[in-house]
Every structure is written in structure tokens, then in C-alpha cells.
Amino acid sequence: MTSLVIHRVTTLDLAVRPVVWPFAQERRAEIAAHFAEKQRERPKLWNGRVLLGRDAVFGDGHLAATYFETDFASFLAWRDWGFPDKAVFNGFGMGALRASDGAFIMGEMAHHTANAGRIYFPSGTPDLDDVTEGVLDIPGSVIRELGEETGLTTADYWAEPDWHCIVTGPSIAMIQVLNLDVPGDVARARIEANLARETEPELSAIHLVRGMGDLTPAMPRFVTTFVEQQFASR
């Protein structure tokens, strides 16, 4: 089992600053070759700009960290090569959709994506669209990713104030519980109907996870079941 720590926080202070990433500079040729190979496997991969973090500090219900911009090719190589720069982490928001009957709703990533076949809460590596006045807006990132992946909007759920931050190796998953007012089967059908209208949806299937109750006491079991397999390779 991957070593992990779970923090429950109420505030996020994530400054975006210009940082030179030696890994991306020094291994540029290798990174380009690696990304070209990945694109041959999945031609839809796009080398956009993403944000990675460093210097994470937890304390008194607070998470502070610095984020910097890089290209997706460098992120993908860093991930696929076993995270050679240990000072850097992939910190992303996740929306834990909980239906009125207690079921949690998760999506299976489609074949054309970089994480094909993996099952997650709606989420995504932060990018420049998530930055406001030099600050990374993780709540906004969750709203955006949730809308893109499921078609749900803030009118469909209400967000709990706390964030469950799962630190596992080079990843920090910042999970916020989002409560729906419909049961799991109804929510799944609504999301599946939205996916059916899309030409190339990010998700290939919707899964319901039952029997977890409140996410807080169930989190260690959730981590055991999903985090080692899914989050550590993001």
C-alpha cells in the first residue's frame, strides 16, 4: 500500500508563480520523444499548459503551496518515469458526488484520454483557466471539470465546506463532497444521457459506489480501495 496521509482542511492558499523546472529543461529532448510515442498511441492527446505544485504545507485546517506552469508533455513524462523530481507534486481537485441515497458517483476515463480505463471522481490536472489574479482556484477547477465530464452544474448540487486532502507520494487529491438531491440511479442516468449527446465524451462509463456512508470515517477504506490504484499514477 502506498504511504498516505489524509488532511481535512477548510482553506486553500495556492499561489501561482513563475518557476523554472529543471527537469523539464534538462530532459527536453527525451520528453518530446516520449510525448510523440504517447500521441501515436492516443492521437487525441494535446500538449497544453498545466499547473504542478511544490512546497505544500498543512496546518490548522489550512493548505498552502506554490504552483507553476509547465507543458503536459513534461508532466506526463515526470509521471510515467516514476516522478524523478520529488520536490514537485500533482495537486488536483476532485468532486465527490454523493447522491441522496448515499451512493458516490465515479466516472471511468475514456480510451482516448491519458488515464484511459481509470475510475475517478470528476477531476483534472489544473490548467491556466483555473488561475485568478495569481491564485489557483481549486473550487472553480472542480466546478469546471464536473461540468465538462458530467454536464452537472452548481444548480444540481451543494458543496460541503471542508476538503479531504489525500497525500500519496507525489499526488495531493483535494476532495470536496458535493451532495445531489436525487438517488444514485437517477444521477447516473442523467449523466449517461449527457455523455450520449457528446461526440467524444471524457468518460466511457459511470459507476456507483455504495456502503460508504459519510466520507470522513469511510475515507481510509476509500483510500485503500481506490487511491493506490488510481491517484498515485495521475
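Structural data are supplied above this passage.
Residues numbered from 1 in each chain as written. Predicted model: local features only at pLDDT ≥ 70, side-chain atom pairs only at ≥ 80, totals over all residues. Heavy atoms only, no water.

**Student:** Hey, could you run me through the nonpolar core in this one?
**Tutor:** Soluble globular proteins: nonpolar side chains tend toward being buried together. By size, the foremost hydrophobic cluster in this structure holds 43 residues, and its most contacted members are Leu14, Tyr67, Leu97, Ile105, Met174 and Leu180. No other element matches strand β12 (residues 171–180), which puts seven residues into this core. Beyond its immediate sequence surroundings of up to four residues, isoleucine 105 is in contact with Leu97, Ala99, Phe121, Pro122, Leu180, Ala187, Ile191, Ile206, His207 and Leu208. Formed by 17 residues, the second largest nonpolar core is a distinct cluster that contains Trp21, Val50, Phe75 and Ala77. (Core = buried A, V, L, I, M, F, W, Y, C linked by side-chain atoms within 4.5 Å. Buried < 20%, exposed > 50% of the residue type's maximum accessible area, 1.4 Å probe, protein only. Helix = DSSP H or I, 4+ residues; strand = E, 2+ residues; numbered from the N terminus. Contact = heavy atoms within 4.5 Å.)

**Student:** What's the story with the environment of glutamate 145 in this structure? I'm lost.
**Tutor:** Relative to the helices and strands, glutamate 145 is located in helix α4 (residues 138–150). Considered as a pair, glutamate 145 and methionine 94 are 51 residues apart in the sequence and their alpha carbons are 8.6 Å apart. Those residues within four positions of glutamate 145 in sequence are excluded, and the remaining contacts are Ser123, Gly124 and Thr125.

**Student:** Explanation requested: empty space enclosed by the protein in the structure shown.
**Tutor:** To find the voids left in a structure, one rolls a probe of water-molecule size over its atoms. One pass over the full model with this rule turns up one cavity of 30 Å³ or more. Here the largest cavity is characterised by a volume of approximately 30 Å³. Around the largest cavity, the lining residues are Leu152, Asp156, Leu180, Asp181, Val182, Ala187 and Arg190. Grouping the constituent residues of the lining of the largest cavity by class yields four nonpolar, no polar and three charged. (1 Å grid on protein atoms, 1.4 Å probe; cavity = no way out; pocket = protein on both sides within 12 Å on 5 of 7 lines; lining within 4 Å. Points joined across faces, edges and corners; volume = space filled by probe spheres on them. Nonpolar A, V, L, I, M, F, W, Y, C, P; charged D, E, K, R; others polar.)

**Student:** Help me out: how do you make sense of the packing of aromatic side chains in this one?
**Tutor:** For any two aromatic rings, the description comes down to two numbers: the centre-to-centre distance and the angle of the planes. Scanning the model with the defined rule gives ten aromatic pairs in all. Aromatic pair tryptophan 21 and phenylalanine 68: ring centres 5.5 Å apart, planes at 65°, arrangement edge-to-face. With tryptophan 21 in the loop between β2 (11–16) and α1 (22–26) and phenylalanine 68 in strand β4 (residues 62–71), this pair connects stretches of sequence that are 47 residues apart. Take phenylalanine 68: its relative accessible area is 0%, and that puts it in the buried class. Ring geometry for phenylalanine 23 versus tryptophan 81: centroids 6.0 Å apart, planes at 75°, classification edge-to-face. (Phe/Tyr/Trp six-rings, centres within 6.5 Å; stacked < 30°, edge-to-face > 60°.)

**Student:** What is the right way to read the pattern of salt bridges from this model?
**Tutor:** Any two side chains of opposite charge can pair, given that their charged atoms come close. For the structure shown, the criterion picks out 18 salt bridges. Linking aspartate 80 and lysine 38 is a salt bridge whose minimum nitrogen-to-oxygen distance equals 3.7 Å. In this pair, aspartate 80 sits in helix α3 (residues 72–80) while lysine 38 sits in helix α2 (residues 28–41), placing the two residues 42 residues apart along the sequence. A relative accessible area of 23% places lysine 38 in the partly exposed class. A salt bridge links arginine 188 to aspartate 185, with the shortest nitrogen-to-oxygen separation between them at 3.3 Å. Note that arginine 188 and aspartate 185 are positioned in helix α5 (residues 184–197) at a spacing of three residues, about one turn of the helix. Looking at arginine 188, the relative accessible area reads 27%, which means it is partly exposed. Judged by its relative accessible area of 45%, aspartate 185 is partly exposed. (Salt bridge = Lys/Arg side-chain N within 4 Å of Asp/Glu carboxyl O.)

**Student:** Looking at this structure, I do not really get the packing of α2 against α3. What am I missing?
**Tutor:** Pairs of packed helices are described in terms of their axes, by the angle between the two and the distance that separates them. It is at 9 Å that the axes of α2 and α3 come closest, and there the two elements cross at 90°. What the angle tells us is that α2 and α3 run roughly perpendicular. Contacts from Arg28, Ile31, His34, Phe35 and Lys38 in α2 reach Phe72, Ala73, Ser74, Leu76, Ala77 and Asp80 in α3. Partitioned by chemical class, the residues of the contact of α2 with α3 number six nonpolar, two polar and three charged. (Axes fitted to C-alpha atoms, helices over the stretch in contact; angles between N-to-C directions. Parallel < 35°, antiparallel > 145°, perpendicular 65-115°, else oblique.)

**Student:** Which parts of the structure should I look at to understand the pairing of strand β5 (residues 88–98)?
**Tutor:** Walk down a regular strand and you will see the side chains alternate between the two sheet faces. Among the eleven residues in β5, eleven count as buried, and that is most of the element. The two faces of β5 match: Val88, Asn90, Phe92, Met94, Ala96 and Arg98 on one face and Phe89, Gly91, Gly93, Gly95 and Leu97 on the other face are all buried. As defined by bridge partners, strand β3 (residues 49–59) adjoins β5 across two bridges and the pair is classed as antiparallel. The residue bridging glycine 53 from the neighbouring strand is phenylalanine 89, located in β5. Relative to β12, β5 is paired through nine bridges, and the arrangement is parallel. (Pairing = 2+ DSSP bridges.)

**Student:** Sorry if this is basic, but what is going on with unusual backbone geometry here?
**Tutor:** Phi is mostly negative for residues that are not glycine, and the peptide bonds are mostly trans. Here aspartate 55, not a glycine, exhibits a phi torsion of approximately 60°, which is positive. If you check the backbone angles, glutamate 133 has positive phi at about 50° while not being a glycine. Relative to the elements of secondary structure, glutamate 133 occurs in the loop between β8 (131–132) and β9 (135–136).

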